[in-house]
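# Tertiary structure, described
Chain residues, written in single-letter form:
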Amino acid sequence: MSLKTVVAAAFRHLRKERLQKVEFIYYISIDRKWMNKDQAAFLIERARDEGLITMVEGAWVPAFDPAEVEIPLGFKPSADVLEKHDPVLS
């Protein structure tokens, strides 16, 4: 599953348009138990680097409409969402 799906899941399941870093980390690592806190923090950095989220007035805001992303029932991201993909090697 894609990084975009993980980000969309956080915003949709928490029913918020803006998330603080701690809310995002809590959702990913404690609520869903998808990864540990350090990995969740890294996931935020990856999402920022990929242009999926932006910082607005101290909170993370999605750069896309999370409602348009299909999140499969029972969704759980694989470890590859933490890997940076080099477009030159693809």
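Above this text is the structure in question.
Throughout what follows, the structure given in this document is the object of discussion. Values in this document were obtained by computation on a predicted structure and should not be read as measured data.

Counting secondary structure elements, the chain contains three helices and two strands. The order of helices and strands in the chain, counted from the N terminus, is α-α-α-β-β. Taken over C-alpha atoms, the radius of gyration comes to 12 Å for the chain, in line with the 12 Å a tight globule of 90 residues would show. By its C-alpha atoms, the chain is 35 × 30 × 30 Å across when sized along the principal axes. The buried share of the chain, reckoned over its 90 residues, is 40%.

Grouped together as the largest cluster of nonpolar side chains are 28 residues, with contacts concentrated most on Val7, Phe24, Ile28 and Leu43. Those elements that place two or more of their residues in this core are α1 (3–14), α2 (21–31) and α3 (37–49). Counting residues per element, this core draws most heavily on α1, which supplies seven residues. Each residue touching isoleucine 28, except ones within four places of it in the same chain, is listed here: Val6, Lys33, Trp34, Met35, Ala40 and Leu43.

Attention shifts here to α2. Residues of α2 that are buried include every one of Phe24, Ile25, Tyr27, Ile28 and Ser29, and no others. Projected onto a plane normal to the axis of α2, the buried residues spread over an arc of 165° and lie on a single side.

What follows covers the pairing of strand β2 (residues 59–62). Burial of β2 is two-sided: the residues Ala59 and Val61 facing one way and the residues Trp60 and Pro62 facing the other way are all buried. Connecting the antiparallel pair strand β1 (residues 53–56) and β2 is a turn made up of two residues, with glutamate 57 showing a positive phi of about 50°.

Thresholds, definitions, all that
- Residues numbered from 1 in each chain as written.
- Predicted model: local features only at pLDDT ≥ 70, side-chain atom pairs only at ≥ 80, totals over all residues.
- Heavy atoms only, no water.
- Helix = DSSP H or I, 4+ residues; strand = E, 2+ residues; numbered from the N terminus.
- Rg over C-alpha atoms; globule rule 2.2 N^0.38 Å.
- Buried < 20%, exposed > 50% of the residue type's maximum accessible area, 1.4 Å probe, protein only.
- Core = buried A, V, L, I, M, F, W, Y, C linked by side-chain atoms within 4.5 Å.
- Contact = heavy atoms within 4.5 Å.
- Arc of directions from axis to C-beta.
- Pairing = 2+ DSSP bridges.

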